Structure formats: C-alpha cells, structure tokens
Amino acid sequence: MISGAIAGSAGTALAATPPPAVPYNPATGQALVAEARQIAQGGSPWTGGCQPGTTGFHCVPYSWGGGHGAWPGPSDGICQGWGRPSGAPKTLFAGPACAPSVTKAHPSGYGDNGTYGLDCSGFVRWVYDLIYGTDVLGPGTTSDQQAQSDLTKVPAGQQQPGDLVFFPGHVAIYAGRGTMVDEPRTYDPPSGRSGHWTQAYARVDPVESGVLGYYRLTVPTPTPAPPPPTAPGWPTAVAPGDTPVPGGDTRG
C-alpha cells in the first residue's frame, strides 16, 4: 500500500508537469507584430494606398491567392478555387492573372478575386520575410506552412506576440491580449438587413474559436536582407493559401 501510494503521487506529479517552453525571442516577436500592424495601416512597404472616406484603416485588400508569387509580397490574386458566400456581390475581378473566360455574368461570381493584395498565408509570409530577411514560410497553403519542420507548436497558454495562430484554412499573427493581425476574408457580411457586403482588409481581429494551435519559428533571426528584385508575373502553378469553409465563404 505504501508503494502504491508513492507511485500514485508520483504519477500525479508527473502528469501535472507543464510541457517545456519553446524558445522565444521577445524582440523578434514584437518586430513581427509591429511590421504586421504597420502594413495593415498602409505603412511601408505597402505602396497601394488606402481607401479614402472610411473609418479605420482600409488599406491592404484581401485577395484570394495574393502573396503566393515567386517572391513574398502583394500580387494579383487568382480566380479559381474560391466560393462566393451566399448574398455576396458579383463584381468583375480586376487582376490580369484571372482567367479571361470568366466574366461578370459568370453564374458563380468571383468577388474581388484578382485584386492586388494578399490572402491570409500570403500576408504572414510577407511579414515573416521582412523580419527574418528570407522567405522562411514559403508560398504554400496554410497547411503547408503549419507542417514546416522549422515551426514548433507552442504549449497551451504559452503563446507570445509574433507566434502564428492557425485555424482550419486560416492563419494569423498573434498580437497578444487575445488579438491577432490578419487578412480575414474577401468580404465582410452586412451587420444588418439593410447593410451591404464590404471588401475586407488586413486588420487586427480578436482571436476566434476553433484555434488549431499556436506555432513559433525556431530558427535564429538572421540579419535582414535587402529586398529582392521585382518579381516576374504570376507563376503558372501555385497553391493559394486558404481553403473554403462550409457555406462558400473563405477564411483568411
């Protein structure tokens, strides 16, 4: 009985031991958040300007497939693989990378796909490239990014500013105090029956439910590199960084 009691106590103590912390560099984490916020507010290196006559910062539009070119950074989005939410406007896409066969009269409608901007994984890719000086996240999907060997899942409750927070088909940069900086979706739905669907832009959002996990890059921060030359046109084969969710809307 004594041995059993001791073993039981040891087992309880072992189970209560928290997992080891993942190394964290506060300076790097804060730099990632600051860079993400600056871009979302229309600051350098974003050069596309902001929408006038609106409240808040409406600067970097969400664009399905935007940010997945040969180099990190904004690009024209793509037109295939995205489902228009029920009730969202059918507007003619603007980007030259879009399929010429798809027109404004297309029965599916393609929202603002083709717009010059970023989707969720394209956004975090660009921010991380600017701070690390190299394309550490790559042009893949959110699932590709989450599966990278250089990303380590952070134990529950140990997330810090600058960590990546993943959801099904979506990724953002954790900004602390339950908030994140992200490219949320193509359109924000109206808040009331008389409202209108509006183009969504990079912004600070509360961390929503459905978090798959927080992840931290575990490679050292290199000396930032000079910006790459202007990227060529949209690559012939590239996977957009987001997946549709039930109902046709797009997360991130």
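What you see is a predicted model, and the numbers here were worked out from it, not measured in a lab. (Residues numbered from 1 in each chain as written. Predicted model: local features only at pLDDT ≥ 70, side-chain atom pairs only at ≥ 80, totals over all residues. Heavy atoms only, no water.)

Colleague: When you look at the overall build of the protein in this model, what are you seeing that I'm missing?
Modeller: Within the protein one finds 4 helices and 10 strands. Ordering the α and β elements of the protein from the N terminus gives α-α-β-β-α-α-β-β-β-β-β-β-β-β. For the protein, buried positions account for 44% of its 252 residues. In the protein, of all internal contacts separated by at least 6 residues, the share reaching a separation of at least 24 is 66%. As displayed, the protein offers around 12,300 Å² of accessible surface, 59% of which is attributable to carbon and sulfur atoms. (Helix = DSSP H or I, 4+ residues; strand = E, 2+ residues; numbered from the N terminus. Buried < 20%, exposed > 50% of the residue type's maximum accessible area, 1.4 Å probe, protein only. Contact = heavy atoms within 4.5 Å. Areas by Shrake-Rupley, 256 points an atom, 1.4 Å probe, with all protein chains shown as cover.)

Colleague: Sorry, what's going on with the nonpolar core here?
Modeller: Most often, soluble globular proteins keep nonpolar side chains buried together rather than apart. The biggest cluster of nonpolar side chains holds 29 residues, and the ones touching the most others in it are Phe123, Tyr128, Leu164 and Ile173. Of all the secondary structure elements, the ones that give two or more residues to this core are helix H2 (26–40), helix H3 (120–132), strand E4 (164–167), strand E5 (170–176) and strand E10 (213–217). Counting residues in hydrophobic clusters, the runner-up holds 7 residues, among them Val154, Phe167, Met180 and Tyr214. (Core = buried A, V, L, I, M, F, W, Y, C linked by side-chain atoms within 4.5 Å.)

Colleague: Hey, could you run me through the pattern of salt bridges in this one?
Modeller: Two side chains of opposite charge can pair, provided their charged atoms sit close to one another. Evaluation of the coordinates by the stated rule reveals 6 salt bridges. Note that Arg185 is salt-bridged to Asp188, the shortest N-O span being 3.0 Å. According to the relative accessible area criterion, Asp188 is buried, its value standing at 15%. Here Glu208 ties to Arg185 by a salt bridge, and the two come within 3.9 Å at their closest N and O atoms. Here Arg185 lies in the loop between strand E6 (179–182) and strand E7 (187–188) and Glu208 lies in the loop between strand E9 (203–206) and E10, a separation of 23 residues in the sequence. (Salt bridge = Lys/Arg side-chain N within 4 Å of Asp/Glu carboxyl O.)

Colleague: Can you help me understand the environment of Asp150 in this one?
Modeller: Relative to the helices and strands, Asp150 is located in the loop between helix H4 (142–146) and strand E3 (151–153). What makes Asp150 partly exposed here is its relative accessible area of 32%. Taking the C-alpha atoms as reference points, Asp150 and Arg216, separated by 66 residues in sequence, lie 8.2 Å from one another. Residues in contact with Asp150, not counting those within four places in the same chain, are Arg216, Leu217, Thr218 and Val219.

Colleague: I would appreciate a short explanation of the side chain of Gln199 in the present structure.
Modeller: Along the polypeptide, Gln199 turns up in strand E8 (residues 198–199). A polar side-chain atom of Gln199 sits 3.1 Å from the main-chain carbonyl oxygen of Tyr62. There is a polar contact of 3.4 Å between the side chain of Gln199 and the backbone oxygen of Thr186. (Polar contact = N/O pair within 3.5 Å; in protein donor to acceptor, adjacent residues only side chain to side chain.)

Colleague: Before we go on, may I ask you to explain the packing of H2 against H3 in this structure?
Modeller: The packing of two helices is summarised by the inter-axis angle and the distance between the axes. Where H2 meets H3, the axes come as close as 9 Å, and the angle between the chain directions of the two elements is 125 degrees. The angle between the axes of H2 and H3 places the two elements in the oblique class. In this structure, H2 meets H3 at a crossing whose hand is right-handed. Residue-level contacts link Thr28, Ala31, Leu32, Glu35, Ala36 and Ile39 of H2 to Phe123, Trp126, Val127, Tyr128, Leu130, Ile131 and Tyr132 of H3. (Axes fitted to C-alpha atoms, helices over the stretch in contact; angles between N-to-C directions. Parallel < 35°, antiparallel > 145°, perpendicular 65-115°, else oblique. Left-handed = near helix turned anticlockwise from the far one by under 90°.)

Colleague: What am I meant to see in the state of the cysteines here?
Modeller: Cysteine pairs can be linked by a disulfide, which is a covalent bond between their two sulfur atoms. With the rule as written, the count across this model stands at 1 disulfide. The disulfide that involves Cys50 links it to Cys59, with 2.0 Å between the sulfurs. Of note, the bridge from Cys50 to Cys59 carries an S-S torsion of about 100 degrees and is right-handed in sense. In this structure Cys59 comes out as buried when scored by relative accessible area, which is 3%. (Disulfide = S-S within 2.5 Å.)

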